[in-house]
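Residues per chain, in single letters:
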Amino acid sequence: MKKTVKILAMLICSTVISGCFGKTEVNDRAFVQLMGIEKHSGVYMVSLQIYESCGSDGVPDVSKANSSTVAGTGTDVSAALSECELKAGKKLFLGHVKTVIIGSGITELPEILSSLTDGGSPRGTVPLSCPIAYSTSPSSVTETFMEQGVFSADRFTDITEGYVRSGKCVYTDLISVTEKLSLPSGAAALPVIYSDGKEIYYSGIAAVNKNGGIYRISEPDVQGFVILSGSFDKKGSIAIPVPDDESSGYAEITCSKVKTCADISDGRLRINAEVRLKLKTNGSDENYDEKKAAEAVCENIRDSCISAYSETAWYGGCDVFGIYKLMRRDCPSLAEKDSETVIKESILSITVKAETE
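Quick notes on the rules
- Residues numbered from 1 in each chain as written.
- Predicted model: local features only at pLDDT ≥ 70, side-chain atom pairs only at ≥ 80, totals over all residues.
- Heavy atoms only, no water.
- Helix = DSSP H or I, 4+ residues; strand = E, 2+ residues; numbered from the N terminus.
- Phe/Tyr/Trp six-rings, centres within 6.5 Å; stacked < 30°, edge-to-face > 60°.
- Buried < 20%, exposed > 50% of the residue type's maximum accessible area, 1.4 Å probe, protein only.
- Core = buried A, V, L, I, M, F, W, Y, C linked by side-chain atoms within 4.5 Å.
- Salt bridge = Lys/Arg side-chain N within 4 Å of Asp/Glu carboxyl O.
- Patch = residues over 30% accessible without salt bridge, like charges linked within 9 Å, V, L, I, M, F, W, Y side chains within 5 Å.
- Areas by Shrake-Rupley, 256 points an atom, 1.4 Å probe, with all protein chains shown as cover.
- Lys, Arg positive; Asp, Glu negative; His and termini not counted.
- Charge placed at Lys NZ, Arg CZ, Asp CG, Glu CD.
- Expected span 1.5 Å × (residues − 1).
- Bend = angle between axes of the 7 residues up to and from the residue.

A. Region of the structure containing unusual backbone geometry. Residues other than glycine seldom take positive phi values, yet S185 does so here, at roughly 60°. For D266, which is not glycine, the phi torsion reads 55° and is therefore positive. Summarising the element assignment, D266 is placed in the loop between strand 11 (249-265) and strand 12 (268-283).

B. Main features of the packing of aromatic side chains. Considering all chains together, one arrives at 7 aromatic pairs under this definition. Aromatic pair Y194 and Y201: ring centres 5.4 Å apart, planes at 25°, arrangement stacked. Residue class for Y201 comes out partly exposed when judged on its relative accessible area of 28%. A centroid spacing of 6.0 Å and a plane angle of 75° characterise the contact between Y215 and Y315, whose relative ring orientation is edge-to-face. With Y215 in strand 9 (residues 214-217) and Y315 in helix 8 (residues 290-316), this residue pair connects regions lying 100 residues apart in the sequence. Accessibility expressed as a relative area gives 63% for Y315, which makes it exposed.

C. View of the nonpolar core. In terms of nonpolar packing, the biggest core is built from 49 residues, with F225, I253, L269, L277, V297 and I301 touching the most fellow members. Core analysis: the next-biggest nonpolar cluster, separate from the first, contains 35 residues, I50, A80, C84 and L174 among them.

D. Region of interest: the pattern of salt bridges. Counted by the stated rule, this structure contains 9 salt bridges. Where R123 meets E85, a salt bridge forms, and the shortest distance between an N and an O atom there is 3.3 Å. Separated by 38 residues along the polypeptide, R123 in the loop between helix 3 (109-116) and strand 6 (132-134) and E85 in helix 2 (residues 77-88) bring together distant segments of the chain. Of the two residues examined, R123 and E85, each falls in the buried class. Between D330 and R329 there is a salt bridge; the shortest N-O distance is 2.8 Å. A residue is classified by how much of its surface remains accessible, and R329, at 53% relative accessible area, is exposed.

E. Structural context of a positive patch on the surface. A surface patch of like charges, here positive, comprises K234, K257, K259 and K278. Note that K259 resides in strand 11.

F. Spotlight on helix 8. Along its 27 residues, helix 8 runs 38 Å from first to last C-alpha, staying within 8% of the 39 Å computed at 1.5 Å per residue. Of all the bends found along helix 8, the most pronounced is centred on S310 and spans about 40°. Among the residues making up helix 8, those that are buried are A293, A294, V297, C298, I301, S304, C305, A308, Y309, T312, A313 and G316. G317 sits one or two residues past helix 8 and shows a positive phi near 65°.

Set out below in structure tokens:
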């Protein structure tokens, strides 16, 4: 993040030296930080948060958000971006977008993402590593200016990283979304984001398929998705409260590894998952039972994993856990059948074990 800020600062300062950015003057560029895309009644709306220095002499005032917002509509995303350019009075540059936020009404997500990475675009391209999120109101997120750091979007990224480290959110980048949606019954797990006008928050996951179908993983079950999908952050930890009749405390998951394979049971696909956790426990009194705490964590995580699987695979027939790849590898005969039906009728066999540090 600091590296990105330095690069942008250098670009701004380069006005004095070269006076241009490619064939466009730097002062005539609008550097997009956040992008929201939604569609209503066949009309696309694109909302942008763009860099705008609140300082003097080209030096950003770090006490301000250093951002502004603009929105445009059109028959496609490109037309909506063109209207944004007219309103901003500058040429847009998409090469520094930190997050793309997808909203309701989008039924052709692969095509939209492909248009944002088109190498021939004069606006530059959204990086393939750019995170993708979901919101019922993308514009409310892009219009949230958090006055901390050189850019409002810095604070945005810091908050996201905090959620990821605590197991309450996942990074889903553009390239992985494209890959997921290219598979039969594939769905992208997009973290759900919302704003209260001052700060942004994450709550749950939206499993979005290529046709715009959305299946929600509720906030309490996000940790199950994180564990079962192998998305546990190596620098993160997940705190699990473990009260019992005599004492209370919590256990902290510091490491999680999952092994999965598939087989056929009575003609149905069976996904076998073995989860191994490392824990730090911290009881509140001398009656705290470390063994019981570990057992409670294992039960909690197992139930959460099953719920996350239920809400996506069993209910929606959508694949956010790499089920199709397991079928192709371990049960190729099932891979030739209707994948949605196979996934809906699948069996999840999961064991969770833990050791304390």
